[in-house]
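Fold and geometry: a report
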Amino acid sequence: MVAANDLEIHGSNTVGAALAPALISGFLKQQGASDVQIQDATQENEKQITAQLSGDRFEARVAAHGSSTGFKGLASGAAQIAAASRPAKQKEVDLMASQTDLRARKSEHIIAIDGLAILVHPSNPLAKLDKVTLARIFAGQIDNWQALGGRNLPIHVYARDERSGTWDTFASLVLGDNYSLTAEAKRYESNDQLSDDVSKDPAGIGFAGLASVRDSKVVAISDGESAALLPTRLNVATEDYPLSRRLYLYSLGAADNHTTTAFLEFVQGSAGQDIVQETGYVSQNIQSVEDSLGDSVPQSLKTLTAHYRRLSVNFRFTEGRTKLDNKAHRDLERLKQFLDDHEAKGSDLMLIGYADKQSNELRAQMISELRALAVKKALRDEQAVNVQAYTGYGHYVPVGGSGGSEGASRNGRVEVWFRKAE
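Residues numbered from 1 in each chain as written. Predicted model: local features only at pLDDT ≥ 70, side-chain atom pairs only at ≥ 80, totals over all residues. Heavy atoms only, no water.

1. Looking at the overall build of the protein
Helices and strands together make up the secondary structure of the protein, namely 14 helices and 17 strands. Relative to a compact globule of 422 residues, whose C-alpha radius of gyration would be 22 Å, the protein shows 22 Å and is just as compact. Taking the principal axes of the C-alpha coordinates as reference, the protein spans close to 60 × 60 × 40 Å. Counting all 422 residues of the protein, 56% fall into the buried class. In the protein, once contacts between residues fewer than 6 apart in sequence are set aside, the share between residues at least 24 apart is 71%. Accessible surface, the protein: about 18,100 Å² in total, of which carbon and sulfur atoms supply 47%. Each charge class in the protein was averaged separately, 46 positive and 53 negative side chains, and the resulting centres sit 4 Å apart. (Helix = DSSP H or I, 4+ residues; strand = E, 2+ residues; numbered from the N terminus. Rg over C-alpha atoms; globule rule 2.2 N^0.38 Å. Buried < 20%, exposed > 50% of the residue type's maximum accessible area, 1.4 Å probe, protein only. Contact = heavy atoms within 4.5 Å. Areas by Shrake-Rupley, 256 points an atom, 1.4 Å probe, with all protein chains shown as cover. Lys, Arg positive; Asp, Glu negative; His and termini not counted. Charge placed at Lys NZ, Arg CZ, Asp CG, Glu CD.)

Set out below in structure tokens:
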């Protein structure tokens, strides 16, 4: 099958509802197109984008029916790009194996960071939840708000549908293998509609992407020994927020046509990331911010960072303890751009590595230092940036529950700090 339009994106509703059409529109305008229009297509949750480009009519279509549908479209040739709000599953990697390696840097493109916001009615007094309690609510084991200090009301659960990457992310991060969604849950294809319904129901609780909070109230979430965090821009950008997630576009990589390659490059560049921010998601463009270190942070870490500002990026790792993941390699470029924009250099940075919980403090310290050293070397080798200041902080200040692959990937990270101007 051949895609019916110049650009076809199938998959995630989170990506496809507003973000993908806005990115296509921005890309076309950068290419010099005129009369760019975004319109609803004949089928629900689909958009048609048209323009005049180089004297010809350009047509793009976004079909946002769930992440799983994107990989089917990419495999069949009906789409050039699959949009997903979670990483490709092994069965999807296997489906595409004859055409590309979906996990390779040329095929997997992280385009934004999002947070799964836990939503309740504005009148609900609840301020924070831990992940286990959250799972028990959605499993129906806690079924009245009175058990959580609220009113004597039965809890109404709202959840995304089975085709949704948002649902896959929630099921993976919250329910895991120990809990199943209550049969009483009301299911939705649309983030926005779910949020709107929760905001009208004093007994409701649901989840949606950050761009769909709308009139609902957001609850802070904790994981294991970590502090409860709200999905602020910094907490989501650094992926410290327990329910943060990456949004993806997947392509054929080396077999991508010129339009697809140019579009993917635009999306991951600074102009595309500005559109990400404008659309309500979290940009990967790096910013310097004052990190309000809470009471859970040791005084020694506050002292270490006293003359620095936090940068809105964390480096994370794939196989083993020191191999950077696909996002990290792109973030090296963004960090170099940040330094150039601020007329700064590597000596203005400090890298702080962290480890997941280990059998002893010395082992955790060694792993955390190796991670910081890995980023230092990658910056030197890939971007010619020489960082002098780096250290490890062991398994202290976790941002997630410890143990397993999730604990290793969330707690095993490298923060970047930027020296304040005198």
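2. Quick look at the sheet that holds strand β17 (residues 413–419)
With respect to topology, five strands assemble into an open sheet ordered β13-β14-β17-β15-β16, the strand pairing being mixed. Of all the strands in the sheet, the pair left with one neighbour each is β13 (288–289) and β16 (389–392). Pairing analysis gives two bridges linking β13 to strand β14 (residues 308–316), with the strands arranged antiparallel. Bridge pairing in β14 links Val-289 to Arg-310. Seen against the sheet, helix α13 (residues 361–383) touches β14, β15 (349–353), β16 and β17 and runs at an angle of roughly 150° to β16. (Pairing = 2+ DSSP bridges. Axes fitted to C-alpha atoms, helices over the stretch in contact; angles between N-to-C directions.)

3. Description of the domain arrangement of the protein
According to the domain assignment, the protein contains domain 1 (7–107 + 251–279), domain 2 (115–234) and domain 3 (286–419). Computed from C-alpha coordinates alone, the two centres of domain 1 and domain 3 are separated by 31 Å. At the junction of the two partners, domain 1 supplies seven residues and domain 3 supplies four residues. Contact with domain 3 buries surface across domain 1, with Arg-105, Glu-265 and Gln-268 losing the most and accounting together for 77% of the total. Between domain 1 and domain 3 we count one salt bridge in total. Here Glu-265 makes a salt bridge to Arg-330, at a shortest N to O gap of 2.9 Å. At the surface where domain 1 touches domain 3, the tally comes to three residue pairs in polar contact (both at pLDDT 80 or more). (Domains from an automatic or database assignment. Buried area = accessible area lost by both parts, 1.4 Å probe. Salt bridge = Lys/Arg side-chain N within 4 Å of Asp/Glu carboxyl O. Polar contact = N/O pair within 3.5 Å; in protein donor to acceptor, adjacent residues only side chain to side chain.)

4. Notes on the packing of helix α2 (residues 19–30) against helix α9 (residues 258–268)
Two quantities define a packed helix pair, namely the angle between the helix axes and the distance between the axes. Relative to each other, α2 and α9 sit at 105°, their axes nearing to 10 Å. It follows that α2 is roughly perpendicular to α9 by the angle criterion. Residue-level contacts link Leu-23, Ile-24, Gly-26, Phe-27 and Gln-30 of α2 to Thr-259, Ala-262, Phe-263, Phe-266 and Val-267 of α9. (Parallel < 35°, antiparallel > 145°, perpendicular 65-115°, else oblique.)

5. So, the packing of α2 against helix α10 (residues 270–278)
Relative to each other, α2 and α10 sit at 145°, their axes nearing to 10 Å. Between α2 and α10 the crossing geometry is right-handed. Each of Leu-19, Ala-22, Leu-23, Gly-26 and Gln-30 in α2 lies in contact with α10, whose residues at this interface are Ala-271, Gly-272, Ile-275 and Val-276. (Left-handed = near helix turned anticlockwise from the far one by under 90°.)

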